[in-house]
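# Chains, contacts and geometry: an overview
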Amino acid sequence: MRSDFGSTMIVAVATPVLLLVALTAGCSHPGPINQPPNGISDQIGDSQSAKAESITNKTSSAITEEARKEASDIFKDRCVTCHGEQGRGDGPGASNLMPKPMDFHNSNWQVSVSDADIAKAIVHGGSAVGLSSQMQPNLDLEDKPGVVAALVERVRELK
Ligand code: HEC
């Protein structure tokens, strides 16, 4: 009886431990959040993504000079602080950021991201595309698709 009790105890202790190990092993970590914005965007609200896509698709072919001018002013006023004059992620406001903004001249980054993702990040903030929430939303641009498209164009031109 005594030895039976002993082995029962071992099972009683071992089972939860094994379960825990199995659970931990099965839980694969999703990996660094700022890696592929494209993959991540699939998991985020499709409606937002559709909206951002319609923003870029509708207007990228016909960005007015007026929209370009407004985008250029907005870039200087709101974006350069963090992203830097040349979009290298080295603006004065970037020194305390973690993670730091990416270098827009990095061609690996350029090909990894769609225009729709860029538009979505600009309008709805970094967290909308799985990036840092320190990249804040610019909700006032939601009804200015032409300006958003011009900002996307600007980010693309920096490559
Ligand atoms: C407070 C600092 C800050 C400001 C201001 C800021 N950004 Fe960002 N931005 C970031 C950070 C931080 C990231 C993401 C870095 C990461 O998570 O890897 C980011 C990411 C981005 C991305 C990448 C989006 C993607 O899908 O990969 C774009 C494009 C961008 N910003 C454009 C802009 C534009 C345009 C403005 C101005 C309207 C702006 N940002 C203003 C900090 C800032």
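Right above here is the structure, for reference.
Computed from a prediction, not measured in an experiment: that's the story for all the values here. (Residues numbered from 1 in each chain as written. Predicted model: local features only at pLDDT ≥ 70, side-chain atom pairs only at ≥ 80, totals over all residues.)

This part is about the packing of helix 4 (residues 65-83) against helix 7 (residues 145-157). The relative placement of two packed helices comes down to the angle between their axes together with the axis-to-axis distance. Where helix 4 contacts helix 7, the axes come no closer than 8 Å and their chain directions differ by 65 degrees. You can see that helix 4 and helix 7 cross each other, and the crossing is right-handed. Here helix 4 contributes A67, R68, E70, A71, I74 and F75 to the contact with helix 7, which in turn contributes G146, V147, A150, L151 and R154. Here the residues of the contact of helix 4 with helix 7 sort into seven nonpolar, one polar and three charged. (Axes fitted to C-alpha atoms, helices over the stretch in contact; angles between N-to-C directions. Helix = DSSP H or I, 4+ residues; strand = E, 2+ residues; numbered from the N terminus. Left-handed = near helix turned anticlockwise from the far one by under 90°. Contact = placed C-beta atoms within 7 Å. Nonpolar A, V, L, I, M, F, W, Y, C, P; charged D, E, K, R; others polar.)

Between helix 6 (residues 115-124) and helix 7, whose axes approach to 9 Å, the crossing angle comes to 115 degrees. Our pair here, helix 6 against helix 7, has a crossing hand that is right-handed. Seen from helix 6, the contacting residues are D115, I118, A119, I122 and V123; seen from helix 7, they are V148, L151, V152 and V155. Tallied by class, residues from the contact of helix 6 with helix 7 come to eight nonpolar, no polar and one charged.

Before going further, it helps to spend a moment on the site of the ligand. Near the ligand, the surroundings consist of 27 residues, among which C79, C82, L131, S132 and M135 are the closest. Counting only elements with at least two residues in the shell around the ligand, the list comes to helix 4, helix 6 and helix 7. Among the elements that take part in the shell around the ligand, helix 4 stands out by supplying six residues, more than any other. Each residue belonging to the shell around the ligand can be placed in one class, and the counts come to 17 nonpolar, eight polar and two charged. (Near = placed C-beta within 6 Å.)

Another aspect to go through is helix 6. Counting buried positions over the ten residues of helix 6 gives nine, a clear majority of the element. For helix 6, every residue scored as buried is listed here: A116, D117, I118, A119, K120, A121, I122, V123 and H124. G125 occupies a position one or two residues after helix 6 and carries a positive phi of about 90 degrees. (Buried ≥ 20, exposed ≤ 12 C-beta atoms within 10 Å, placed from the backbone.)

Turning our attention to the nonpolar core. By size, the foremost hydrophobic cluster in this structure holds 24 residues, and its most contacted members are I122, V147, V148 and L151. Where this core is concerned, the elements lending two or more residues are helix 4, helix 6 and helix 7. A total of seven residues in this core trace back to one element, the largest contributor, which is helix 7. Not counting residues up to four positions away in its chain, the partners in contact with V147 are A67, E70, A71, I74 and L141. (Core = buried A, V, L, I, M, F, W, Y, C linked by C-beta atoms within 7 Å.)

Let us now look at helix 4. Counted at 1.5 Å a residue, the expected span for helix 4 with its 19 residues is 27 Å, but the 23 Å between its end C-alpha atoms falls short. When the local axis directions of helix 4 are compared, the greatest deviation, roughly 45 degrees, occurs at D77. Residues A67, A71, I74, C79, C82 and H83 constitute the buried set of helix 4. Of the residues one or two after helix 4, G84 is the one with positive phi, at around 85 degrees. (Expected span 1.5 Å × (residues − 1). Bend = angle between axes of the 7 residues up to and from the residue.)

Our focus in this paragraph is the environment of D90. Here D90 lies in the loop between helix 4 and helix 5 (107-112). On the basis of neighbour count, D90 is assigned to the partly exposed category, with 15 C-beta atoms found within 10 Å. Taking C-alpha positions, D90 is 8.6 Å from V80, a pair spaced ten residues apart along the chain.

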